[in-house]
Amino acid sequence: MESANQGLLSDAMTDVPVDSAAAARTSAPEGLTLAEEEELRSELAKVEEEIGTLRQVLAAKERHCGELKRKLGLTPLDGLKQNLSKSWHDVQVSNAYLSASSTLEDWNEKLTQSEAYKKTQETLSQAGQKTSAALSNVGSAISRKLGDMRNSATFKSFEDRVGTIKSRVVGSRENSTEGLHSPSGAGDKPPQDNAPF
């Protein structure tokens, strides 16, 4: 790997500027000999060089990963969906979620068994039944009134007039399609259909 990364090492060195003159001017920390200091500086330079190499390798791997995802048709949204799905699954199997779920089930059980809940449920059920009966009665009353209205003399008169107008319109349409169009032709024929509407 060292031969493959030698080009990378030279780039890494540009990321970490080292001023050897400034390094020489600083005095060695107390308790270190000159040889120990030199050894530590050498080791520091190697570690910094490795860090730079690793950064470049990581960047290359990330580019390669992105190319593979693009070739597979995976979008960032797919990754987000997968992460959210996995996170939700992790939440559902977590101890905190299971404990909270159990607590809520217990509360629900206690609530539905309480007298206040039962009374409220009974009251709402009765109100629903009464509302349904009232709406049924209103519907019956409206049907009855419409039936009465249809049987009234006024409605019969209106129905006859609409039937007459319809027969004239339909009659004139039939005459015009047969080529026997005459102004008095519509009055000569009896109405075809007297059915209301």
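Bear in mind the structure is a predicted one, so any value in this text is a computation, not a measurement.

Undergrad: Tell me about the overall build of the protein chain, and name the residues and values.
TA: Regarding its fold elements, the protein chain presents 8 helices and 0 strands. In the protein chain, the succession of helices and strands from N to C terminus is α-α-α-α-α-α-α-α. Considering the protein chain as a whole, with its 197 residues, one finds that 7% of them fall into the buried category. Within the protein chain, contacts between residues separated by at least 24 positions form 52% of all contacts whose residues are at least 6 apart in sequence. Summing over all exposed atoms, the protein chain offers an accessible surface of approximately 16500 Å²; the carbon and sulfur share of this is 58%.

Undergrad: Tell me about the environment of Thr-103, and please be specific about residues and values.
TA: Topologically, Thr-103 is positioned in helix 5 (residues 95-113). With relative accessibility at 31%, the residue Thr-103 sits in the partly exposed group. Here Ser-99 takes part through its backbone oxygen, which lies 2.9 Å from a polar atom of the side chain of Thr-103.

Undergrad: Residue-level account of the pattern of salt bridges, with values.
TA: A full pass over the atoms with the stated rule returns 3 salt bridges. Across the pair Glu-37 and Arg-41 runs a salt bridge whose closest N-O atoms are separated by 2.9 Å. Of this pair, Glu-37 and Arg-41 both sit in helix 3 (residues 34-72), 4 residues apart, roughly one helical turn. Residue classification places Glu-37 among the buried positions, given a relative accessible area of 9%. For Arg-150, the salt bridge is made with Glu-159, and the minimal N-O distance between the two is 3.6 Å. By relative accessible area, which is 43% here, Arg-150 ends up partly exposed.

Cut-offs used in this document
Residues numbered from 1 in each chain as written. Predicted model: local features only at pLDDT ≥ 70, side-chain atom pairs only at ≥ 80, totals over all residues. Heavy atoms only, no water. Helix = DSSP H or I, 4+ residues; strand = E, 2+ residues; numbered from the N terminus. Buried < 20%, exposed > 50% of the residue type's maximum accessible area, 1.4 Å probe, protein only. Contact = heavy atoms within 4.5 Å. Areas by Shrake-Rupley, 256 points an atom, 1.4 Å probe, with all protein chains shown as cover. Polar contact = N/O pair within 3.5 Å; in protein donor to acceptor, adjacent residues only side chain to side chain. Salt bridge = Lys/Arg side-chain N within 4 Å of Asp/Glu carboxyl O.

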